[in-house]
Amino acid sequence: MVESPANLIHHGIGRVEVFDFAPDRLPDLRLFLSERGRPFSFHAPFTRPPGFEHPAVAVFFLSENRYRRDESLSLVGRTVADAKAWGAEHVVTHLNWADDTDDEKVSVRLARESAERFSVMAREVPIHIECGGYRGAFHDPGQFVELVSPHPGLGLCIDIGHARLISASRGRDFYKDLETMAPAARSAHLWNARDMETYRRLHHVPLHPSQRPEDGWIDIPRTLEILLSASPECRLIFEYREDGLPPARIKEGFDWVEELASRVI
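Described below are features of the structure shown in this document. Since the model is a prediction, treat every value here as computed from it, not as a measurement. (Residues numbered from 1 in each chain as written. Predicted model: local features only at pLDDT ≥ 70, side-chain atom pairs only at ≥ 80, totals over all residues. Heavy atoms only, no water.)

Helix and strand counts for the protein come out as nine helices and eight strands. Computed over its C-alpha atoms, the radius of gyration of the protein comes to 18 Å, within 12% of the 18 Å expected for a compact globule of 265 residues. Along the first, second and third principal axes, the C-alpha atoms of the protein reach 45 × 45 × 35 Å. Here the protein holds 265 residues, and the buried ones make up 53% of them. Expressed as a percentage of contacts within the protein between residues at least 6 apart in sequence, the contacts between residues at least 24 apart total 76%. Total accessible area on the protein stands at roughly 12600 Å², and carbon and sulfur atoms take up 50% of it. Between the mean site of the 32 positive side-chain charges and the mean site of the 41 negative ones, the protein shows a separation of 1 Å. (Helix = DSSP H or I, 4+ residues; strand = E, 2+ residues; numbered from the N terminus. Rg over C-alpha atoms; globule rule 2.2 N^0.38 Å. Buried < 20%, exposed > 50% of the residue type's maximum accessible area, 1.4 Å probe, protein only. Contact = heavy atoms within 4.5 Å. Areas by Shrake-Rupley, 256 points an atom, 1.4 Å probe, with all protein chains shown as cover. Lys, Arg positive; Asp, Glu negative; His and termini not counted. Charge placed at Lys NZ, Arg CZ, Asp CG, Glu CD.)

Quick look at the structure:
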């Protein structure tokens, strides 16, 4: 059974990011973006075409199935075309997912082929590749930096929650991984993570100043210092739902991060 569109608008510092919208909701989205008057970006897929049988987060760029790779490239291409038509500043796409090959040589080749195709699309709208790697052979931070470095239209989107959990699962230090990737970062998805058990239970945890590193949470001041010192123009998006949560607590988290970011920049 195909899941319903998420219709997500994630807020950020001075901007918003849109993900997986239903076609019948697009007039309302256009009105929302017009009224807000803020810069915005699209996270692929902006919309899913009829017959797309996978979750919205599914991509197959590192799969050995050629048909599925082409399907994923087509979906990003559609999102880039929509981003240009709507005036979005950039497009974010995942590179990794559950179907990634475990063959390192194959994964590097497929990643490079995808980056070449992205680079052509990025002549219309810049593309930020979100770092991943829970599975498969393409997961090292240096691989991601090397992937985008030859292409001016490409950059990295660092999802700090997933990056933290992936670093732990691969036996690496998250902050060292972040230091490697930060110079290539063009955007970041912000939420907090402690461990896989917490993630499975709570998913994307909203940021809040009460989350202490000594309790296992990501050190957000340290993370922003590393990220923004290397890439001051990095665009920050809070990637979590706000509905159903106390508005005051969400605002405390927003204000806290904005103040921390202003100190670095």
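Moving on, we come to the nonpolar core. Grouped together as the largest cluster of nonpolar side chains are 73 residues, with contacts concentrated most on F42, L95, F118, I158, I220, L227 and L236. The dominant element in this core, judged by the number of residues it contributes, is helix α3 (residues 104-121), at seven residues. If we ignore the near neighbours within four places in the chain, the residues touching L236 are G12, I13, R15, A188, L190, L224, L227, L228 and A261. (Core = buried A, V, L, I, M, F, W, Y, C linked by side-chain atoms within 4.5 Å.)

Another aspect to go through is a negative patch on the surface. Together, E64, D102, D103, E104 and D140 line one region of the surface with negative charge. Within the secondary structure layout, D102 lies in the loop between β4 (91-94) and α3. (Patch = residues over 30% accessible without salt bridge, like charges linked within 9 Å, V, L, I, M, F, W, Y side chains within 5 Å. Salt bridge = Lys/Arg side-chain N within 4 Å of Asp/Glu carboxyl O.)

This next bit is on the environment of Y175. Take Y175: it is sitting in helix α6 (residues 174-181). Y175 gets classed as buried once you look at its relative accessible area, which sits at 12%. Through-space distance from the C-alpha of Y175 to that of D219 is 9.3 Å; in sequence the pair is 44 residues apart.

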